Amino acid sequence: MKRPEGYGRPTAPPSGPRPTPSTGARPRVTDQRPTPDRAAQRPGRSARPPAPGKASGSRAREAEAELRAARRERKRAEKAELRRFTRRTRRRRLAWLTAGGLVVVLAGVLAVAVFSPVLALREIRIDGTSRLDPVALQSAVDGQLGTPLALLDDDRITRELGAFPLIRNYTTEVLPPGTLAIHIVERQPIGIVQNGAKFDLVDPAGIVIESTAARPEGVPVIQLVGGDVGDKIFLSMTEVLRALPPDVLARVDAIAATTKDDVTLTLIGSNQRVVWGGSQRASTKALELTHLLAMFGGAGAGEYDVSSPGTVHFRAD
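Cut-offs and rules
Residues numbered from 1 in each chain as written. Predicted model: local features only at pLDDT ≥ 70, side-chain atom pairs only at ≥ 80, totals over all residues. Heavy atoms only, no water. Helix = DSSP H or I, 4+ residues; strand = E, 2+ residues; numbered from the N terminus. Buried < 20%, exposed > 50% of the residue type's maximum accessible area, 1.4 Å probe, protein only. Contact = heavy atoms within 4.5 Å. Areas by Shrake-Rupley, 256 points an atom, 1.4 Å probe, with all protein chains shown as cover. Lys, Arg positive; Asp, Glu negative; His and termini not counted. Salt bridge = Lys/Arg side-chain N within 4 Å of Asp/Glu carboxyl O. Polar contact = N/O pair within 3.5 Å; in protein donor to acceptor, adjacent residues only side chain to side chain. Pairing = 2+ DSSP bridges. Axes fitted to C-alpha atoms, helices over the stretch in contact; angles between N-to-C directions. pLDDT = per-residue confidence, 0-100. Core = buried A, V, L, I, M, F, W, Y, C linked by side-chain atoms within 4.5 Å. Patch = residues over 30% accessible without salt bridge, like charges linked within 9 Å, V, L, I, M, F, W, Y side chains within 5 Å. Charge placed at Lys NZ, Arg CZ, Asp CG, Glu CD.

**Student:** Please clarify how the overall build of the protein chain should be interpreted in this entry.
**Tutor:** Helix and strand counts for the protein chain stand at 6 helices and 12 strands. Across the 317 residues that make up the protein chain, the buried fraction comes to 26%. Once local pairs closer than 6 in sequence are excluded, the contacts in the protein chain between residues at least 24 apart make up 45%. Approximately 22400 Å² of the protein chain is accessible, and the part contributed by carbon and sulfur atoms is 56%.

The following block contains the structure:
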């Protein structure tokens with residue numbers, strides 16, 4: 001028996017909305033929103049961007065982590081700086097303590113060495129004397145024997161040596177362990193001043209070095225026509241004598257002046273004289289006089305005029 005076409009096959013549901021039963025029930029509403037693609041949420045595949053709330057929370061956590069890291073780094077730096085500062089402070093303190101200890105030790109050694117009898121004055125040496133008596137000088141200053149060298153009284157030495165007018169100046173030298181050397185510079189005579197029946201040997205300042213009854217040889221006579229020892233006229237004449245070379249000074253018999261600007265010289269063993277004038281440019285005049293003496297020293301009586309440097313001449317009598 002032949003079956004009709006389509007027999008036994010499932011019948012497709014009719015397209016379109018199913019008929020609603022007549023009972024009045026509401027039809028089921030199906031959610032038509034697309035289902036999320038689960039495959040997109042797997043690793044390695046693109047996912048949807050996180051929600052705004054989640055993004056802000058992640059940034060806050062990252063910022064907090066960075067802040068904690070910065071704090072740890074700062075603490076490490078502070079600890080390192082503290083260690084360096086402490087090490088530097090210890091070194092500086094050690095250096096100061098070492099220096100202070102050395103100063104204390106040196107001060108102690110110096111105090112013991114200076115103030116102990118080991119460095120006390122035991123000998124006084126005096127040199128540079130020719131007219132002065134060194135024994136008299138030593139007797140005047142030996143009152144400080146036994147005194148530590150560091151405690152010698154220089155003012156006392158000055159007062160004791162000041163009693164000797166022939167001392168022009170002096171210097172002292174300490175020679176450890178117990179010697180004091182005194183170097184004397186005596187006053188040197190520049191001329192003779194006749195004082196009644198005596199002749200006073202004086203230095204350029206007018207200090208009397210020695211008085212004798214006879215005139216000393218080799219020293220010119222200072223003739224005070226219109227002045228006194230130590231005044232301007234006297235100092236002008238001594239300045240001229242000091243400017244002369246030793247060989248020329250040895251040929252001067254006398255020097256005279258009525259004012260400080262008309263100094264004249266008389267030479268030994270001849271009738272020659274020198275018109276000097278004032279004491280200005282004394283070294284130039286002395287040099288020109290030396291040349292004139294070399295040329296006219298044996299020419300007999302005459303006069304050398306060096307009062308105007310550059311125009312000097314010799315005029316025979």
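**Student:** Help me out: how do you make sense of the environment of isoleucine 182 in this one?
**Tutor:** If you trace the backbone, isoleucine 182 turns up in strand S3 (residues 179-186). Expressed as a C-alpha distance, the spacing of isoleucine 182 and arginine 125, which sit 57 residues apart in the sequence, is 6.1 Å. Residues in contact with isoleucine 182, not counting those within four places in the same chain, are Ile124, Arg125, Ile126, Asp127, Val141, Leu161, Tyr170, Thr171 and Thr172.

**Student:** Where do I start with the side chain of aspartate 200 in this structure?
**Tutor:** Position of aspartate 200 among the secondary structure elements: in strand S5 (residues 198-202). For the buried aspartate 200, no salt bridge exists, and the shortest N-O distance to an oppositely charged side chain is 5.0 Å, to lysine 198. Within polar-contact distance, the side chain of aspartate 200 engages the side chain of serine 211 at 2.6 Å. For aspartate 200, the residues in contact, after removing those within four places along its chain, are Gly191, Ile192, Val193, Asn195, Val208, Glu210 and Ser211.

**Student:** How should I be thinking about the sheet that holds strand S1 (residues 123-127) in this particular structure?
**Tutor:** Backbone-to-backbone hydrogen bonds pair the strands of a sheet. The strands run either parallel or antiparallel. The strand order S1-S3-S2 describes an open sheet built from 3 strands, whose pairing is mixed. Strands at the two margins of the open sheet, each flanked by one partner only, are S1 and strand S2 (167-175). Mean inter-strand twist for the sheet, computed between neighbouring axes without regard to direction, equals 20 degrees. For S2 and S3, the ladder comprises 8 bridges, and the chain directions are antiparallel. Residue pairing in the sheet places valine 174 in a bridge with leucine 180 of S3. Running at roughly 140 degrees to S1, helix H2 (residues 134-141) makes contact with S1, S2 and S3 of the sheet. Sitting on the sheet, helix H3 (residues 154-161) is in contact with S2 and S3, with an inclination near 145 degrees to S2.

**Student:** Teacher, can you tell me more about the confidence of the model for the protein chain here?
**Tutor:** Close inspection of predicted coordinates is inappropriate in any region flagged by low pLDDT. Here the protein chain averages 82 in pLDDT, while 80% of its residues score no lower than 70. For residues 19-25, every residue scores under 50 in pLDDT, and the model assigns this stretch 1 contact once sequence neighbours within four places are set aside.

**Student:** Even after reading the chapter, I still don't get unusual backbone geometry, so can you show me in this structure?
**Tutor:** Negative phi values dominate among residues other than glycine, just as trans dominates among peptide bonds. That bond from proline 176 to proline 177 is cis: its omega, 10 degrees, falls within 30 degrees of zero. Inspection of the secondary structure assignment puts proline 177 in the loop between S2 and S3. With a phi angle near 55 degrees, arginine 281 is a residue other than glycine that sits in the positive phi range. Tracing the backbone shows arginine 281 in the loop between strand S10 (272-277) and helix H6 (282-296). A relative accessible area of 51% means that arginine 281 is categorised as exposed.

**Student:** Even after reading the chapter, I still don't get the nonpolar core, so can you show me in this structure?
**Tutor:** As a rule of thumb, soluble globular proteins bury nonpolar side chains together. Ranked by internal contacts, the top residues of the largest apolar core, which has 27 residues, are Ile222, Leu244, Trp276 and Leu289. Going through the elements one at a time, helix H4 (232-243), strand S8 (252-257), strand S9 (263-267), S10 and H6 are the ones with two or more residues in this core. Setting aside its immediate chain neighbours within four residues, leucine 289 contacts Leu244, Val248, Val274, Trp276, Tyr304 and Val306. Of all hydrophobic cores here, the second largest spans 17 residues; its members include Ile126, Leu137, Leu149 and Ile209.

**Student:** What should I look at first to understand the pattern of salt bridges in this one?
**Tutor:** When the charged atoms of two side chains with opposite charge come close together, those side chains can pair. Using the criterion set out here, one finds 11 salt bridges in the structure. The residue arginine 76 makes a salt bridge to glutamate 73 at a minimum N-O spacing of 2.4 Å. Taken together, the residues arginine 76 and glutamate 73, both in helix H1 (residues 52-115) and 3 residues apart, mark about one turn of the helix. You can call glutamate 73 partly exposed: its relative accessible area is 44%. Of the charged contacts, one joins glutamate 210 and arginine 131 as a salt bridge, the two residues approaching to 3.0 Å between their closest N and O atoms. Here the residue glutamate 210 occupies a position in strand S6 (residues 208-212), and arginine 131 occupies one in the loop between S1 and H2, the gap between them amounting to 79 residues. Judged by relative accessible area, which is 40%, arginine 131 ranks as partly exposed. Linked through salt bridges whose partners overlap, the residues forming this network are Arg273, Glu303, Arg315 and Asp317.

**Student:** Help me out: how do you make sense of a positive patch on the surface in this one?
**Tutor:** On the surface, Arg71, Arg74, Lys75, Lys79, Arg83, Arg87, Arg90, Arg91 and Arg93 cluster together into a positively charged patch. On the secondary structure map, arginine 90 appears in helix H1. Residue arginine 90 is classed as partly exposed on the basis of its relative accessible area, which comes to 48%.

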